[in-house]
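Survey of secondary and tertiary structure
What follows is the residue order along each chain.
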Amino acid sequence: MTMTEAHAIKTKYLNGNGKFVVDNGNADMTGSTGSSFHIPPPAASRMKGGSANTKRRTVQAISKSIFVDNRNINTSSTIKSQNDKNNNKATTTAVSSNTFWKSENTNYFKFTFYKIVLAILFFMFGIFRYGQLQYNKSKLKILDLLYNPSNTPQLIRQDVVKLNKIPSRLAAILEVKPIGDVGGGLKGILNDASELVSWTISAGVKHLSLYDYDGVLQKNTDELRNAIYEHLSIYYGPANVPNFAIRIPHFNKVLYNKKGQGDIKSKVAIEVSLLSNRDGRETIVDLTRTMAELCSNKELNVDDITVDLVDTELKQLVGQEPDLLLYFGPSLDLQGYPPWHIRLTEFFWEEDNNQVTYSVFIRGLKQYAGCKVNVGK
Amino acid sequence: MSEESKIPGHYFVLSLLKNLFSRTLRASNNVPRHVGFIMDGNRRWARKNDIEVKDGHEAGFHSMSRILELCYEAGVHTATVYAFSIENFKRSKYEVDSLMDLAQRRIRQITENGELTDKYGIRVRVIGDISLLDKDVLKDIQDATERTKNNTRATLNICFPYTGREEVVHSMKEVITENYPLEEINEGLIDSHLYTGGLPPLDLLIRTSGVSRLSDFMIWQGSKRGVTIELLDCLWPEFGPLKMGWILLKFAFKKSYSNNKEVIDEDDGEEDEEDEDEEGSADKKKYT
């Protein structure tokens, strides 16, 4: 609690002269008592860091990994690996990575020699990586200029009409970023999510799944609905905002439009599902538990459990498999996205990209349509 | 790396470099412990080079053994390769038969030559729904597993015939038949009943031929947070040790950065440190 509070204060402080990322006034957000801006601990810990001093920290981290790592000097390695074993007993057979050094009885000089070669190797790779990073960043900037929806559905429509097929179900992995960064904090992820919803509606895709590991979106549905409504009224004009439905499979809830607008059950332009880590492996575990109970009560036969049965159940619990999954991070990491639902899903992400931008969205659709997208590669 | 060259000692120098490289990587302590491969593009490669499909698969096999050699040398403990999907049974009878035949020969090749398996102490396991296979293929598999079962330094999983969904359901069924009390059923339990249970968790997943899908390969393991997925544009037979070495270097570089980043972040952070965070970084340190 102290930490989140500290963050809230810090944020105010940081953004004192700009716009407020976190507003202390909306106490109805989560209903928590002490701090108005409450994010569960895992999310809060992810908000640390940010892009300040990245270069210095990178160099520090890498050099530390090369030089300040003494676990391989023979005396300590045995104790360490024993500790490893005790800790990992439950999950793995604990094959510690240092068996090599023990088995070949390496002396200290040989060890130092390899460490020095490694330092040289890492140094060269680091220089290459820096160049690559700059190249990718400028490429992304150019792409951002090339593809700019400027808040008009017609422009998006024009981009999409050229494609010979579009996915019927789209999914995206979003992340809560450190508050100090561009597009960070809760406001940032809400903004990203509603931008995506607007693009998806404009592109004519009817289903969108938004995934974030900690379920921040699931916990802030009211804010999300308002943010989507605001964005859509910018895109379509306040008079004809399309209807949208928000589904939270985990709570088995469907919400329509902005809060307070009632349940308009007429045709919706888009159905947005909010998913989190909870809908992935945990849900499969829940299903196993339920099936185990049914089996022990003799209501279900173990041999009747098939891939098809599990598939039907999980489709009901979580939803359908998406055709295309967009990831807005620097290198593909599925972040615990429901495993059952990524069997044949196409992935798209841009290397070293860290922003939710329209260029990634449209290039993802282009890749799905089978166009050649590797411009400049 | 296998280009022809007339310079004397060419191969010697190459293997020396390879050795130096892999041992250096080992010294970083940030080599993936478990690597998964989707070996895609053998047929396309054969078509591209105007040779028979069979030879394309042969080339793919050679490229696999060279890559595995580098991996094991660099300290990878487990490699899992996707040889045959359950979905492949839906192809024509002729094609299925030839694929079966090929896989059977591959398994024999790996163990009978014994070169790779003995040199690196590799235990060969065939994972998947083996009840779908013919009797004589099953026998070969049993022979291969039997021959190498005492090797402990490394593991090679051959997925044959396999799908990720079948693996998950298989694990669920095992858990259910073993009658665990309901409250004991958790993620770890399902994890340990997968075909890859008891092996180090998947760190790196590589797919060739420019397709950006998992195609039902290790969906449970690969979707976890922190698993690096590399999708490459080249066809599998073109994917040599050089490219693999590059990926390993990239992985080690990234890993050693992210392992230490948290620690440094904490040193930098002024007042807002929490017990939870410290625990997290202690966990990270363990793997450093």
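Remember, it's a predicted structure, so these values are computed and weren't measured experimentally. (Residues numbered from 1 in each chain as written. Chains lettered and ligands numbered in written order. Predicted model: local features only at pLDDT ≥ 70, side-chain atom pairs only at ≥ 80, totals over all residues. Heavy atoms only, no water.)

**Examining the overall build of chain B**
Our working rule: Starting at the N terminus, helices and strands are each numbered in turn, a helix being any DSSP run of H or I of at least four residues and a strand any DSSP run of E of at least two. Only protein chains enter the accessibility calculation, which uses a 1.4 Å probe; a residue is then buried when its area is under 20% of its type maximum, exposed when over 50%, and partly exposed in between. When checking whether two residues touch, look at their non-hydrogen atoms; a contact exists if any pair is within 4.5 Å. Computed by Shrake-Rupley with a 1.4 Å probe, the accessible areas treat only the displayed protein chains as cover when residues are assessed.
Looking only at helices and strands, chain B features 11 helices and 6 strands. Among the 288 residues that make up chain B, the fraction classed as buried is 57%. Within chain B, contacts between residues at least 6 apart in sequence are counted, and of these 79% link residues at least 24 apart. Accessible surface computed for chain B: about 13,000 Å², of which carbon and sulfur atoms make up 50%.

**Quick look at the packing of helix H7 (residues 153-161) of chain A against helix H8 (residues 185-203) of chain A**
Residues and elements named next belong to chain A. In plain terms, the rule: Between N-to-C directions, angles span 0 to 180 degrees; the directions come from axes that are lines fitted to C-alpha atoms, helices contributing only their stretch in contact. Note that the term roughly parallel is reserved for angles under 35 degrees, roughly antiparallel for angles over 145, roughly perpendicular for angles of 65 to 115, and oblique for everything else. Working rule for handedness: look at the near helix, and if it is turned counterclockwise from the far one by less than a right angle, call the crossing left-handed; if clockwise, right-handed.
Taken N-terminus to C-terminus, the directions of H7 and H8 make an angle of 60 degrees; their axes are 8 Å apart at the nearest point. One finds that H7 runs oblique with respect to H8. Once H7 is placed against H8, the crossing between them reads as right-handed. Between H7, through Pro153, Ile156, Arg157 and Val160, and H8, the contact on the second element is made entirely by Trp199, Ser202 and Ala203.

**Some points on the confidence of the model for chain B**
To keep it simple, the criterion reads: The predictor reports its confidence for every residue as pLDDT, a score running from 0 up to 100.
Summary statistics for chain B give a mean pLDDT of 83 and a share of 86% for residues scoring 70 or more. Every residue in residues 269-288 of chain B is under pLDDT 50, and counting partners more than four places away or in other chains gives 33 contacts.

**Section: the environment of B:Pro200**
Residues and elements named next belong to chain B. For Pro200, the position within the fold is in the loop between helix H8 (187-193) and strand S5 (204-207). Look at Pro200 and you get buried, because its relative accessible area is 5%. In this structure the C-alpha to C-alpha distance between Pro200 and Glu87, which are 113 residues apart in sequence, comes to 27 Å.

**Some remarks on the UniProt feature "transmembrane region" (unreviewed entry) in chain A**
For clarity, the threshold we go by: UniProt positions are given in the numbering used here, feature names are shortened, and annotations may be inferred rather than shown by experiment.
The UniProt feature table records "transmembrane region" (unreviewed entry) at residues 111-131 of chain A. From the first C-alpha to the last, residues 111-131 of chain A spans 30 Å; its make-up is 100% helix and 0% strand.

**Section: helix H12 (residues 307-317) of chain A**
Quick note on the threshold: This arc is built from the directions going out from the helix axis to the C-beta atoms.
Those residues of H12(A) not exposed but buried are A:Val310, A:Asp311 and A:Leu314. Each buried residue of H12(A) sits inside an arc of 105 degrees when the element is viewed along its axis, so together they form one side. Exposed residues pointing more than 90 degrees away from the buried face of H12(A) are listed as A:Asp308 and A:Gln316. Considering only its buried residues, H12(A) is in contact with helix H11 (281-296) of chain A together with helix H7 (164-177) of chain B.

**Here's the deal with the sheet that holds strand S2 (residues 207-211) of chain A**
All names here are of chain A. The condition is simple: A strand pair is defined by DSSP finding two or more bridges across the two strands.
Across the sheet, which stays open at both edges, the 7 strands sit in the order S4-S3-S5-S2-S1-S6-S7 with mixed pairing between neighbours. A single partner strand is all that each edge strand has here, and the edge strands are strand S4 (253-256) and strand S7 (346-348). Here the strands of the sheet are splayed against their neighbours by 20 degrees on average, with no regard to which way each runs. Bridging between strand S1 (residues 169-173) and strand S6 (residues 324-327) involves 4 bridges; their strand directions are parallel. Looking at S6, one finds that Ala171 is bridged to Leu325. Where helix H13 (residues 358-368) meets the sheet, its contacts fall on S1, S6 and S7, and the angle it forms with S7 comes to roughly 145 degrees.

**Some details on the state of the cysteines**
Applied cut-off: In plain terms, two cysteine sulfur atoms within 2.5 Å form what is called a disulfide here.
Here the structure, examined in full by the defined rule, presents 0 disulfides over all chains. Free of any disulfide, B:Cys71 has its nearest cysteine sulfur in B:Cys234, 14 Å distant.

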